Number of protein chains: 2
Amino acid sequence: MAEGLRERKKRQVRQRISDMATALFLEHGFEAVTIAAVAEVADVSVNTVYNYFPAKEDLLFDREEEVVERASRLVRERGEGVSAVRAVLDRMRRDVAERNPYAGMDPGYARFLRIIQESPTLMARVLRMQGRMVDRLAATLREETGAAPEDPTPEFIAHQVIGMQNAVDRSIGRCHTAGSTPEETSAEVLRQIDVMESLLSDGVLNYAVKNTP
Amino acid sequence: MAEGLRERKKRQVRQRISDMATALFLEHGFEAVTIAAVAEVADVSVNTVYNYFPAKEDLLFDREEEVVERASRLVRERGEGVSAVRAVLDRMRRDVAERNPYAGMDPGYARFLRIIQESPTLMARVLRMQGRMVDRLAATLREETGAAPEDPTPEFIAHQVIGMQNAVDRSIGRCHTAGSTPEETSAEVLRQIDVMESLLSDGVLNYAVKNTP
DNA sequence: CTTAAATTTTGCAATGACCCCAAAATTTAA
DNA sequence: TTAAATTTTGGGGTCATTGCAAAATTTAAG
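Thresholds, definitions, all that
Residues numbered from 1 in each chain as written. Chains lettered and ligands numbered in written order. Predicted model: local features only at pLDDT ≥ 70, side-chain atom pairs only at ≥ 80, totals over all residues. Helix = DSSP H or I, 4+ residues; strand = E, 2+ residues; numbered from the N terminus. Buried ≥ 20, exposed ≤ 12 C-beta atoms within 10 Å, placed from the backbone. Axes fitted to C-alpha atoms, helices over the stretch in contact; angles between N-to-C directions. Parallel < 35°, antiparallel > 145°, perpendicular 65-115°, else oblique. Left-handed = near helix turned anticlockwise from the far one by under 90°. Contact = placed C-beta atoms within 7 Å. Nonpolar A, V, L, I, M, F, W, Y, C, P; charged D, E, K, R; others polar. Expected span 1.5 Å × (residues − 1). Least-squares fit on C-alpha atoms with pLDDT ≥ 70 in both. Near = placed C-beta within 6 Å. Domains from an automatic or database assignment.

Going by the annotation in an unreviewed UniProt entry, the name recorded for chain A is Putative tetR family transcriptional regulator, with Streptomyces sparsogenes DSM 40356 given as the source organism.

And the structure:
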């Protein structure tokens, strides 16, 4: 599968821009770094930056689709006899237990969070992503259960699930900034997941159980 | 209580700017109307608009604080023996049953929603408000229950409550655009509130019951 | 009523994100 | 080797948002 030079270069340039930008943001903060500065460091024109990244925030939030899709995907790929909520919860527990950096279980993540929280623009983007996650998950739940369009259940459950992810994310951030060790963080967060699960009704916990085909 | 001329004029100018802006937005959409246009129609300078409204979105979302505070306030003012969730649910039902325009139970609200949905900027603001509502409500729940800072319960429950408000809001919008009568809308939404309530666990429904002093 | 202090409005000039277009530079394919 | 396709770039806007200082207005004091 000969991959043309053009494709390769594009990927490289894109990566270089993204990397340089992230480094600059982590060092000076998001608002303090202009697109022009990113372009200069990456040695391309401002327009080229925009060719690859539709908005400044995309320089930091690459992979947005992946993140937004995740909960939905976990549900779609859940095993037989597994409910939607359980599919997500199980994975959350596993990620936390295994210190999966993707799930934020990495002390360096704290700095990342700080940059985001200091920038209204980035906060707005995070919220938009959360909104999209809810929408995406709700749509999947509708497909999987065949719920009617007026049935508010899928959306409501999606809210609960994303709300849990959200709460976990915050806890992780809090632990990091509090200087907890990975072990402490992991244990603490697992405990919190238990608490939240105990607050879910059976109706939610057993929603959209995948039945044997 | 002599209220100086200055104060009165300020209020009038502010109101005029806000009114003119809202009218323009409803007619042409949010992005299509520049601040300069608002200033011109309101017969003030661009800087004066900024004197009163820190950002363009504030021209449409006046009263943001009131909206953000609402759920928190309902909880704080709940009666004895009433839980946090029930306080909010009861009021939601009442608003919908009474066709409270504040709660969006007004066909003209549909146009408003459309303007918002068509503008990324406004959508971002809405999401930010939702985030603030969750934070605000979670803080109140903490105060009311004395929950520990690491206890994720308040935040999680706040998410559920705001999620319900959210779902209800969407349903109302959907009914409006579907051309439902106020009666139909009201009945439909009340049914949905029932469905959502049935998905709440007892732990959530009975969280933060106000005990007799 | 006059004046000085306080406050508001305004004009002017920047900054920076983002968009559009057409001319170069580069890569691919014939 | 050349023509077609694609990328990069330069240049020129629009618009939100900010900072600053002059000008207009309101208030309070004399």
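Colleague: Where do I start with unusual backbone geometry in this structure?
Modeller: Peptide bonds are mostly trans, and most non-glycine residues show a negative phi. Residues and elements named next belong to chain A. For Asp43, which is not glycine, the phi torsion reads 60 degrees and is therefore positive. With respect to the helices and strands, the residue Asp43 is situated in the loop between helix H2 (35-42) and helix H3 (46-52). Classification of Asp43 as exposed rests on a count of 11 C-beta atoms within 10 Å.

Colleague: What exactly am I supposed to notice about the packing of helix H7 (residues 120-145) of chain A against helix H8 (residues 153-177) of chain A here?
Modeller: In a packed pair of helices, the relevant descriptors are the angle between the two axes and the axis-to-axis distance. Residue and element names in this part refer to chain A. Between H7 and H8, whose axes approach to 8 Å, the crossing angle comes to 135 degrees. Regarding the angle of H7 to H8, the classification is oblique. Along this stretch, H7 crosses H8, giving a crossing that reads as right-handed. For the pair H7 and H8, the contacting residues are Gln130, Met133, Val134, Leu137, Ala138, Leu141, Arg142 and Thr145 in the first and Pro154, Glu155, Ile157, Ala158, His159, Val161, Ile162 and Asn166 in the second. Of the residues belonging to the contact of H7 with H8, the class tally is 10 nonpolar, 4 polar and 2 charged.

Colleague: Could you clarify how one ought to interpret helix H5 (residues 84-97) of chain B in this entry?
Modeller: An α-helix turns once every 3.6 residues. As a result, residues three or four positions apart point the same way. All names here are of chain B. If you check H5, its first and last C-alpha atoms are 20 Å apart, about what 14 residues at 1.5 Å a residue would give, namely 20 Å. Within H5 the residues assigned to the buried category are Ala84, Val85, Arg86, Ala87, Val88, Leu89, Met92 and Val96. Residues of H5 that are buried sit in contact with helix H4 (64-76), helix H7 (120-145), helix H8 (153-177), helix H9 (182-198) and helix H10 (202-205).

Colleague: Would you mind going over the relation of the copies chain B and chain A with me for this structure?
Modeller: Both copies of the chain are placed relative to one another by a rotation about an axis and a shift along it. Mapping chain B onto chain A calls for a screw motion: a turn of 180 degrees about the axis and a shift of 0.0 Å along it, with 0.1 Å RMSD after fitting. Taken together, the rotation and translation relating the two chain copies correspond to the operation of a two-fold axis. Of the C-alpha atoms belonging to chain B, the one lying closest to the rotation axis is found on Ser201 of chain B, 2.0 Å away. Of all interface residues in chain B, 100% are interface residues in chain A too; the two copies therefore contact each other through one and the same surface.

Colleague: What's the story with the protein's contact with DNA strand D in this structure? I'm lost.
Modeller: Lining the immediate environment of DNA strand D, one finds 20 residues, of which Val44, Asn47 and Thr48 of chain A together with Gly4 and Leu5 of chain B sit closest. Only helix H1 (5-28) and H3 of chain A together with helix H1 (5-28), helix H2 (35-42) and helix H3 (46-52) of chain B provide two or more residues apiece to the surface near DNA strand D. Here the residues of the surface near DNA strand D sort into 9 nonpolar, 7 polar and 4 charged.

Colleague: Can you walk me through the environment of Val38 of chain B in this structure?
Modeller: Residues and elements named next belong to chain B. Within the fold, Val38 resides in helix H2. Overall, Val38 belongs to the buried group, with 23 C-beta atoms counted inside 10 Å. Distance from Val38 to Phe25, taken between C-alpha atoms, is 9.4 Å for residues 13 residues apart in sequence. Discounting chain neighbours no more than four positions away, the residues touching Val38 are Ile17, Met20, Ala21, Leu24, Val33, Val49 and Leu59.

Colleague: Honestly, the domain arrangement of chain A in this entry has me stumped. Any pointers?
Modeller: All names here are of chain A. What the domain assignment lists for chain A is domain 1 (5-59) and domain 2 (64-205). A separation of 29 Å is found between the C-alpha centroids of domain 1 and domain 2. Residue-level contacts link 6 residues of domain 1 with 7 residues of domain 2. By residue class, the composition of the side of domain 1 that touches domain 2 is 3 nonpolar, 1 polar and 2 charged.

Colleague: Looking at this model, I keep getting lost on the protein's contact with DNA strand C. Mind explaining?
Modeller: The environment of DNA strand C is formed by 19 residues, the closest being Gly4 and Leu5 of chain A together with Val44, Asn47 and Thr48 of chain B. Listed by contribution, the elements that provide at least two residues to the surface near DNA strand C are H1, H2 and H3 of chain A together with H1 and H3 of chain B. Here the residues of the surface near DNA strand C are counted per class, giving 7 nonpolar, 7 polar and 5 charged.

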